[in-house]
Amino acid sequence: MIDQLKKKPLFNPNGDIETNDRRMIGGNTTNLNDFNNMKYTWASDWYRHAMNNFWIPEEVSLLTDVKDYTSLLPAERNAYDRILSFLVFLDSLQTANLPFIAEYITANEINLCLTIQAFQEAIHSQSYSYMLDTICEPQQRNDILYLWRNDKVLLERNTFIGDLYNEFHVDKSPYSLMKTIMANYILEGIYFYSGFMFFYNLGRNGKMPGTAQTIRYINRDENTHLWLFRNIINEIRKEEPELFTEDKIAVYKEMIKEGCEQEIRWGCYAIGDEIEGLTKGMVTDYIKYLGNLRSEALGFGPIYEDFKAEPKSMSWVSQYSNANMIKTDFFEARSTAYAKSSALIDDL
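These numbers come from a predicted model, not from an experiment.

Engineer: Could you give an account of the overall build of the protein chain, naming the residues involved and the relevant values?
Structural biologist: A count of helical and extended segments in the protein chain gives 12 helices and zero strands. Reading the protein chain from its N terminus to its C terminus gives the helix and strand order α-α-α-α-α-α-α-α-α-α-α-α. Computed over its C-alpha atoms, the radius of gyration of the protein chain comes to 20 Å, within 12% of the 20 Å expected for a compact globule of 348 residues. Across its three principal directions, the C-alpha atoms of the protein chain cover 65 × 40 × 40 Å.

Engineer: Before we move on, can you summarise the pattern of salt bridges with the specific residues and values?
Structural biologist: Counted according to the given criterion, the structure contains 10 salt bridges. Residue Glu235 is joined to Lys238 by a salt bridge in which the shortest nitrogen-to-oxygen separation is 3.9 Å. Here Lys238 and Glu235 lie together in helix 9 (residues 209-239), a separation of three residues that amounts to about one turn. Across the pair Arg265 and Glu258 runs a salt bridge, and its minimum N-O distance is 3.6 Å.

Engineer: Tell me about the packing of aromatic side chains, and name the residues and values.
Structural biologist: A full pass over the atoms with the stated rule returns 22 aromatic pairs. The interplanar angle of 80° and the centroid separation of 6.0 Å between the aromatic rings of Trp42 and Trp227 together place this pair among those described as edge-to-face. One end of the pair, Trp42, is in helix 1 (residues 42-52); the other, Trp227, is in helix 9, with 185 residues separating them in the sequence. A centroid spacing of 5.2 Å and a plane angle of 85° characterise the contact between Tyr80 and Phe199, whose relative ring orientation is edge-to-face. Of this pair, Tyr80 sits in helix 3 (residues 74-102) while Phe199 sits in helix 8 (residues 193-204), placing them 119 residues apart in sequence. Grouping residues by exposure puts Tyr80 and Phe199 together as buried.

Engineer: Describe helix 8, naming the residues involved and giving the relevant values.
Structural biologist: In this model helix 8 runs 16 Å from its N-terminal to its C-terminal C-alpha over 12 residues, within 8% of the 16 Å that 1.5 Å per residue would give. Most of helix 8 is tucked away, with 11 of its 12 residues classed as buried. When helix 8 is considered as a whole, its buried residues turn out to be Tyr193, Ser194, Gly195, Phe196, Met197, Phe198, Phe199, Tyr200, Asn201, Leu202 and Gly203. The first or second residue beyond helix 8 is Gly206, which carries a positive phi of 80°.

Engineer: Report on the side chain of Asp221, specifying residues and quantitative values.
Structural biologist: With respect to the helices and strands, the residue Asp221 is situated in helix 9. No salt bridge is formed by the buried Asp221; its nearest oppositely charged neighbour, Arg220, is found at 4.2 Å.

Engineer: Please provide a residue-by-residue account of unusual backbone geometry, values included.
Structural biologist: Of note, the phi angle at Met208 is positive, near 50°, even though the residue is not glycine. As for its placement among the helices and strands, Met208 is situated in the loop between helix 8 and helix 9.

Engineer: Please provide a residue-by-residue account of empty space enclosed by the protein, values included.
Structural biologist: Space left empty within the atom packing is revealed by a probe, the size of a water molecule, rolled over the atoms. The tally for this structure, following the rule as stated, stands at one cavity of 30 Å³ or more. Of the volumes computed, that of the largest cavity is approximately 50 Å³. As for the largest cavity, its lining consists of Arg22, Leu32, Asn33, Asp34, Asn37, Met38, Asn108, Glu109 and Leu112. Among the residues making up the lining of the largest cavity, the classes are represented as three nonpolar, three polar and three charged.

Engineer: Talk me through the nonpolar core; I want residue IDs and the actual numbers.
Structural biologist: Ranked by internal contacts, the top residues of the largest apolar core, which has 109 residues, are Tyr80, Ile110, Met182, Phe198 and Ile232. For this core, the leading source of residues is helix 3, giving 14 residues.

Engineer: I'd love a proper account of the side chain of Arg22, names of residues and values included.
Structural biologist: Looking at where Arg22 falls in the secondary structure, it is placed in the segment before helix 1. One buried charge, Arg22, has no salt-bridge partner; the nearest side chain with opposite charge is Glu109, at 4.4 Å. There is a polar contact of 2.6 Å between the side chain of Arg22 and the backbone oxygen of Ile17. Apart from the residues lying within four places of it in its own chain, the contact partners of Arg22 are Asp16, Ile17, Asn37, Met38, Lys39, Tyr40, Glu109 and Glu239.

Engineer: Could you give an account of the environment of Gly272, with specific residues and numbers?
Structural biologist: Locating Gly272 in the fold gives a position in the loop between helix 10 (246-271) and helix 11 (280-297). Setting aside its immediate chain neighbours within four residues, Gly272 contacts Gly267, Leu278, Thr279 and Lys280.

Engineer: Pulling in residues and values, what's your account of a nonpolar patch on the surface?
Structural biologist: Taken together, the side chains of Phe54, Ile56 and Phe119 make up a nonpolar region of the molecular surface, amounting to roughly 270 Å² of accessible area. Position of Phe119 relative to the elements: it lies in helix 4 (residues 108-135).

What counts as what
- Residues numbered from 1 in each chain as written.
- Predicted model: local features only at pLDDT ≥ 70, side-chain atom pairs only at ≥ 80, totals over all residues.
- Heavy atoms only, no water.
- Helix = DSSP H or I, 4+ residues; strand = E, 2+ residues; numbered from the N terminus.
- Rg over C-alpha atoms; globule rule 2.2 N^0.38 Å.
- Salt bridge = Lys/Arg side-chain N within 4 Å of Asp/Glu carboxyl O.
- Phe/Tyr/Trp six-rings, centres within 6.5 Å; stacked < 30°, edge-to-face > 60°.
- Buried < 20%, exposed > 50% of the residue type's maximum accessible area, 1.4 Å probe, protein only.
- Expected span 1.5 Å × (residues − 1).
- Lys, Arg positive; Asp, Glu negative; His and termini not counted.
- 1 Å grid on protein atoms, 1.4 Å probe; cavity = no way out; pocket = protein on both sides within 12 Å on 5 of 7 lines; lining within 4 Å.
- Points joined across faces, edges and corners; volume = space filled by probe spheres on them.
- Nonpolar A, V, L, I, M, F, W, Y, C, P; charged D, E, K, R; others polar.
- Core = buried A, V, L, I, M, F, W, Y, C linked by side-chain atoms within 4.5 Å.
- Polar contact = N/O pair within 3.5 Å; in protein donor to acceptor, adjacent residues only side chain to side chain.
- Contact = heavy atoms within 4.5 Å.
- Patch = residues over 30% accessible without salt bridge, like charges linked within 9 Å, V, L, I, M, F, W, Y side chains within 5 Å.
- Areas by Shrake-Rupley, 256 points an atom, 1.4 Å probe, with all protein chains shown as cover.

In structure tokens, the structure reads:
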């Protein structure tokens, strides 16, 4: 394996054409978008699923949310503002980082998928701005957007994530890229979820229905992103087994655990014990369950004992986030068959 990866050339007439010669990283790509000859054939299904999931934030009415926001209890309002600020940061970071990762991915069908993902992350950022523009005054909106710069806990949270991504900007080794890809997998599969569960909890308490519905759209996209990165990791494992020696797998597994611990601390801080329907214990149990789910999906084994099944106290989360449900909406008396195609199931 090469010591340092180089950006793939934009124009490369001498690139490999035969599918068997192509590689996820360190390959010799022509950059030609050939939809009929893909080495990673699963990418075609992913691409079409993602294209069919297109939506825009303004499709969701926030009229009820405007009234609800002013009447939220202080603990609910604080959690709403903090979590929204965190989610804006995550999706903004993803929008910026995915094209950078793509410069070192030499499988063009995967870069097509990453391009769609980056676009969807931009839509997510737009949706959060739409929510804030609708329910807040301009100054309050800006305060929430940049809350992470003044909130010590949130700044530490974002610094942890940003440092993981910045590492590859300095060290272009395949191992460093693999850790960046793992960080992306953790972000998509764990970091979003305490935020999502908070908004779903508001929805089941009859509050902020437009916000909860928007989060369902976003959740559907994030499930496909998670599925994409799991497959990328599995393909690299086949092609570059030296990146998956016991010691390196131990590092990846520890990254998942640290991601869980970070999310538990953040979730307990942002949500606390004063919100109806959620407690620190429920947040902790659910994140540990997710950590096991994500680790075992990669064949790394569980991280936490006794958290191998979804906690019964949190079974409602999967009901609210199921994008394939076709029945009366929990929040609005209309069909939830908004998916233009069925969503990839989050079975990771």
